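Coordinates in review
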Amino acid sequence: MSLDRAIGITCPDIWGTYFCELLGGIQSAAGRSGYRVIAIRSSPREVHELKLARDQIDGWIAVINPTDLERFLDDGRPVVTLSTHARDGRCPYVVPDNHGGALAAARHLIEHGHRRILFAGNMTHEDIRQRFQAYRDALDEHGIPFDPGLVVELPNNERASGRLAAQRLFELGLSCNAMFMATDQGALGALDALTEAGLRVPEDVALVGFDDIEAARYAAPPLTTVRQRFDALGRTAAQLLIDLLAGREVPSGGHVGPTTLVVRRSCGCSPAPAAVAPSAREVAAGQSAAGQADALGALARELVALTSFSAPVDQDAAPADAWPGVADVLAGLEAAAQGRPGPPAAALERAWRDVAGQMPDVGMLLRIVDRLEQAGQAMLRGAADAAAGERVAAYIRQARHDVVQGRVAIESVRADYLNDLLDINLVLRETLLENAAGGGSKLSWLSAVQMSWGCLAVWEAPGDAGPVLRIVESASPGKPLASPASDTRVAAAEFPRGDWLPAAVQHDGAHVIRLLPLRSDGEDRGILAVCAPVSSPLGLDHRDMDMWVAMLTASFERASLIESLVEQERQTRAAYERERALADAVRRLGCPVIPLDAGVLLVPLVGAVDLERARHVLEVVLAEISRQEAEVLLMDITGVPFADLQVAESLMKTTRAALLLGAEVIVVGMRPQVAQGFTHLGVDLEGMTLYPTLGRALSALRSRRGPVAAPRVPRA
């Protein structure tokens, strides 16, 4: 099936567990209806202003940020919001049951006897404000006064911000011993700070979060939290948008996704109910084939229920749907008790590895094995086979081994992924930073991070159709595509064109398109478009992609800086050459030597005479006297505005040097203020013949030597 239509998503962050699970739900619904998915890391306002992908997208899902959402609606494309809603109520929205889930969490802490409960979250998000209201409602229900001093507004929902809430707890001197963090990330950050301070959770401080992200199940202790199904929220939002695009009637109000309180050890509870040994009547009922089947079915449901304390499980589904291997596990136990062959060892290993993948809490995994052991002991009651006990014991030992092996295998995969990240970061550093000016590929790292296609483009001056992007590079690791050539120009509204995309986007929808604006210092520099599977390990932590995008932006900045420096050097060099040529011209004009007749030179001086010019005059005059074997040197100082020591010394040095070369020196144009200056300075004019004007001097020369040519003005 060709996916010619597209659903656009705007979100402040398009990586990380939260968004990737949302995206998985959106993608599954979109693919079934023939839509590909384009996720853009921007607000609706920014996307609208840049017209980014506008002609590619049929309808929008706005996640968290509804800024200027009305522009999308006015543009005629349907919109659904997720975890937020438009102020004017013009489009349907999907939200988790924030109020119900948070109310259950706050009530649970109160039921533990806590009366002073700290609440912390980023209040700029609508989800968090709804959870805060539920916290207040729970206090009101139990007659507990609200204390504003127990509310901490965090700058964001990142893990590091949770430390600020813990710091507030320390400032209160532990007068409150319970914390309700509005997100799991914040709760995990608070847990880090509490542990570093030597406090125990839950013994010293009870802790509850919200979201049930994977890391909450890994925490020590595992985090009590409110579970929301991000994938279900995504599917609901996508289906609403698809219905709007199909012209079907959709209620414009809110669609609320269910939430569930998941009790783990961080609040002070036991994470699972204690197993109850079967009664004598239950054992007797289990002796019949029908009774045995019923008992095994009940045990399967109980084991699957235990898994729900760590991972999302659909309670309405059959046990085999939630844990496909549970049938093999129970069949193996029954076979051990009866002394007959059971499922293959590989099937049992696979079953335990599957459940280990669902449940990162090893303690809970071992509880499942303990419950299995209790069931095995019940099967042995009244058995005549003396070796049955040893067979069941051996089966349970192997089960514990398989559980631990399953967790080790999963952790090994994670460790390998982290090692791969180190290698990828080294490649990226070399590609994007060290060789930024070398003209090499900036997208050679795509294959290392499971991306099937990438395109790098920079903003050009807007054209008639609006903003324009210039392609810098495109790449499709291992598979040649009809990707755009470098320097191709494309309107932002058409980017990325469908015929550029790999089959994983165009046909089967296995990959989604992500557009990441490259920004620095508030300036939009370009766009990075990539295609990757939703289930990519990159979804585990958005910080990796953030760092790579920052490095890519830095490489652009570096290249731009180098280009700017090269241009500045070119301009500086050109200015220097112009200045040098001008200086040469000034030097030539600063001391023109005009031959009037054979053996007669005229040097007209105009303007001020400084030390450098005086030296230049002396050098030029002496060189010309020697070269032309001049007998008479006429120095016209009519244009010298005033007489100072510099002028006087220059005149005297030039005169003495000319006399030594055998030339007569005639000074003309001595104005009254210059003569007054020379007198004041006590200048000795011995050796000079003085005339008031050049005409008088030339007349005197004619009377002595015959006709003298009129002065010739030299060409510059």
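What counts and what doesn't
- Residues numbered from 1 in each chain as written.
- Predicted model: local features only at pLDDT ≥ 70, side-chain atom pairs only at ≥ 80, totals over all residues.
- Heavy atoms only, no water.
- Helix = DSSP H or I, 4+ residues; strand = E, 2+ residues; numbered from the N terminus.
- Expected span 1.5 Å × (residues − 1).
- Buried < 20%, exposed > 50% of the residue type's maximum accessible area, 1.4 Å probe, protein only.
- pLDDT = per-residue confidence, 0-100.
- Contact = heavy atoms within 4.5 Å.
- Pairing = 2+ DSSP bridges.
- Axes fitted to C-alpha atoms, helices over the stretch in contact; angles between N-to-C directions.
- Phe/Tyr/Trp six-rings, centres within 6.5 Å; stacked < 30°, edge-to-face > 60°.
- Lys NZ or Arg CZ within 6 Å of the ring centre and 35° of its normal.
- Arc of directions from axis to C-beta.
- Salt bridge = Lys/Arg side-chain N within 4 Å of Asp/Glu carboxyl O.

What to know about helix H1 (residues 16-32)
The terminal C-alpha atoms of H1, which comprises 17 residues, lie 24 Å apart, in line with the 24 Å expected from a rise of 1.5 Å per residue. Turning to H1, its buried residues are Gly-16, Phe-19, Cys-20, Leu-22, Leu-23, Gly-25, Ile-26, Gln-27, Ala-29 and Ala-30.

A look at the confidence of the model for the protein chain
For the protein chain, the average pLDDT comes to 82, and 86% of its residues sit at 70 or higher. Across residues 272-287, where pLDDT falls below 50, the model places 20 contacts with residues more than four positions away in sequence or in other chains.

Considerations on the sheet that holds strand S7 (residues 151-153)
Two strands in a sheet stick together by hydrogen bonds in their backbones, pointing the same way (parallel) or opposite ways (antiparallel). The four strands are arranged S7-S6-S8-S9 in an open sheet whose pairing can be described as parallel. With one partner strand each, in any of the chains shown, S7 and strand S9 (206-208) form the two edges of the open sheet. Geometrically, the sheet is characterised by an average inter-axis angle of 15° between neighbouring strands, direction not taken into account. Judged from the four bridges that link them, strand S6 (residues 117-121) and strand S8 (residues 178-181) form a sheet pairing that is parallel. Bridging from a neighbouring strand, Leu-118 pairs with Met-179 of S8.

Comments concerning the packing of aromatic side chains
Working definition: an aromatic ring pair is given by the centre-to-centre distance plus the angle between the planes. Scanning the entire structure with this criterion turns up eight aromatic pairs. Here Phe-132 and Phe-146 contribute two aromatic rings whose centre-to-centre distance is 6.0 Å and whose plane-to-plane angle is 65°, an arrangement assigned as edge-to-face. Highlighted residues: Phe-132 in helix H5 (residues 126-141) and Phe-146 in the loop between H5 and S7, separated in sequence by 14 residues. Using a relative accessible area of 15% as the deciding quantity, one classes Phe-132 as buried. Members of the aromatic cluster, joined through ring pairs, are Phe-119, Phe-132, Tyr-135, Phe-146 and Phe-180. Its guanidinium or amino end placed over the ring of Phe-210, Arg-131 lies 3.7 Å from that ring's centre, counting from NZ or CZ.

Considering helix H22 (residues 694-705)
Within an α-helix, residues lying three or four positions from one another point in the same direction, as the helix has 3.6 residues per turn. In a regular helix each residue adds 1.5 Å, so twelve residues correspond to 16 Å; H22 covers 16 Å between its end C-alpha atoms and thus fits that length. Those residues of H22 that sit buried are Ala-697, Leu-698, Ala-700 and Leu-701. With its buried residues spanning 160° around the axis, H22 presents them on a single face. Turned more than 90 degrees away from the buried face of H22, the exposed residues are Arg-696 and Ser-703. Elements that come into contact with the buried residues of H22 comprise strand S18 (594-597), strand S19 (600-606), strand S20 (632-639), strand S21 (664-668) and strand S22 (688-691).

Brief notes about the pattern of salt bridges
As enumerated under the stated definition, the model contains 31 salt bridges in all. Arg-235 is paired through a salt bridge with Asp-231; the nearest N and O atoms lie 3.7 Å apart. Here Asp-231 and Arg-235 lie together in helix H9 (residues 230-245), a separation of four residues that amounts to about one turn. With relative accessibility at 32%, the residue Arg-235 sits in the partly exposed group. Of the charged contacts in the structure, one is a salt bridge between Arg-570 and Glu-567, with a shortest N-O distance of 2.5 Å. In this pair, Arg-570 and Glu-567 are both assigned in helix H18 (residues 542-590), three residues apart and thus about one turn of the helix distant.

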